[in-house]
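Report on the structure
So the chains spell out like this:
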Amino acid sequence: MSEGAPEGTAYEWYRRAIDLLERGDASACLVLLVRVLTEDPCSVSAREARARALCDARRFDEAADAFDALVDVNPSDDFAHYGLGVSLWRLQRFRQAEDHLAMARVMRPDRDDYRTALDHVRATLRARRQAGLPLEGPLDAGGP
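To start, this report covers the structure provided alongside it.

**Side note on the overall build of the protein chain**
- In terms of regular secondary structure, the protein chain is built from 7 helices and 0 strands.
- Considering the protein chain as a whole, with its 144 residues, one finds that 39% of them fall into the buried category.
- At a minimum sequence separation of 6, the contacts of the protein chain that also span at least 24 residues come to 43%.
- Here the protein chain displays about 8400 Å² of accessible surface, and carbon together with sulfur accounts for 49% of that area.
- Positive and negative side-chain charges of the protein chain, numbering 20 and 25 respectively, have mean locations separated by a distance of 5 Å.

Written as structure tokens, this is what we have:
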């Protein structure tokens, strides 16, 4: 075991990371997942957990990149599309978010969280269109 490494195997680190993520400690989860991915860089489970943790840590640029990489590897991964859509939504890239959330919704019409996220993004786009506002990015707080 290398200096400063946690006890156990990469799988045990992964299990602890998931437990931390489920308890809301995304930052600690990410520390363990770095170790897991160093040992097994191809682990799809660890890469997905990392993307989730980045999103939970509000690191949306990094989360979008991580979910995008998952979509590239497996375009039929509904959760990767959902995570990418949510990350893009938080980055106020609404049109791209809509595409990925719609894809996730088509793949898994039974998921209410997918429907709700898509509904919110579409409502935002509709409101911005009706108000003549830009469809992407933050709105000027000062106004006209």
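There is more to say, and it comes next.
**A word on the packing of helix α6 (residues 94-107) against helix α7 (residues 112-131)**
- For the pair α6 and α7, interaxial distance at closest approach is 9 Å and the crossing angle is 150°. In terms of orientation, α6 lies roughly antiparallel with respect to α7. Crossing angle aside, the handedness with which α6 passes α7 is left-handed. On the side of α6, the interface is formed by Phe-94, Arg-95, Ala-97, Glu-98, Leu-101, Ala-102, Ala-104 and Arg-105, while α7 contributes Tyr-114, Arg-115, Ala-117, Leu-118, Val-121, Arg-122, Thr-124, Leu-125 and Arg-128.
- Per-class residue counts for the contact of α6 with α7 are 10 nonpolar, 1 polar and 6 charged.

**With respect to the environment of Asp-140**
- The topology assignment puts Asp-140 in the segment after α7.
- A residue is classified by how much of its surface remains accessible, and Asp-140, at 61% relative accessible area, is exposed.

**Considering helix α5 (residues 78-90)**
- Counted at 1.5 Å a residue, the expected span for α5 with its 13 residues is 18 Å, and the 18 Å between its end C-alpha atoms agrees.
- A large share of α5 lies buried, amounting to 11 of its 13 residues.
- For α5, the full list of buried residues reads Asp-78, Ala-80, His-81, Tyr-82, Gly-83, Leu-84, Gly-85, Val-86, Ser-87, Leu-88 and Trp-89.
- Among the structural elements, α3 (44-56), α4 (60-73), α6 and α7 are those in contact with the buried residues of α5.
- For α5, the capping residue at the N-terminal end is Asp-77, with a side-chain oxygen 3.0 Å from the backbone nitrogen of Phe-79.
- Immediately downstream of α5, the backbone of Gln-92 shows phi near 65°, a positive value.

So, how was this worked out
- Here the residue numbering is sequential within each chain, running from 1 through the sequence in written order.
- Given that the model is predicted, a residue must reach a pLDDT of at least 70 before its local features are reported, and side-chain atom pairs must reach 80 or more before they are shown or counted; all residues, however, enter totals for whole chains, interfaces and linings.
- Computation of side-chain values: all heavy atoms of the structure, hydrogens and water removed.
- Numbered from the N terminus, helices here are DSSP runs of H or I no shorter than four residues, and strands are runs of E no shorter than two.
- Here's how the labels work: a residue is buried when its accessible area is under 20% of the maximum for its type, exposed when over 50%, partly exposed in between, all with a 1.4 Å probe on protein chains only.
- Throughout, a contact is declared for two residues whenever any of their heavy atoms are within 4.5 Å.
- Areas reported here follow the Shrake-Rupley algorithm with a probe of radius 1.4 Å; residue values treat only the protein chains shown as occluding.
- When charges are tallied, Lys and Arg are placed among the positive residues and Asp and Glu among the negative ones, while His and the ends of the chain are skipped.
- Each charge is placed at NZ for Lys, CZ for Arg, CG for Asp and CD for Glu.
- The angle between two axes is taken between their N-to-C directions and runs from 0 to 180 degrees, where each axis is a line fitted to C-alpha atoms and a helix contributes only its stretch in contact.
- By definition in this entry, angles of less than 35 degrees are roughly parallel, angles greater than 145 are roughly antiparallel, angles of 65 to 115 are roughly perpendicular, and the rest are oblique.
- Left-handed describes a crossing in which the near helix is turned anticlockwise from the far one by less than a right angle; the clockwise case is right-handed.
- Each residue gets one label: Ala, Val, Leu, Ile, Met, Phe, Trp, Tyr, Cys and Pro are nonpolar, Asp, Glu, Lys and Arg are charged, and the others, such as Gly, are polar.
- Multiplying 1.5 Å by the residue count of a helix minus one yields the expected span of that helix.
- Identification of polar contacts relies on pairs of N or O atoms within 3.5 Å, with a donor-acceptor requirement for protein atoms, meaning one able to donate a hydrogen and the other able to accept it, and with residues adjacent in sequence counted only if both atoms are side-chain atoms.

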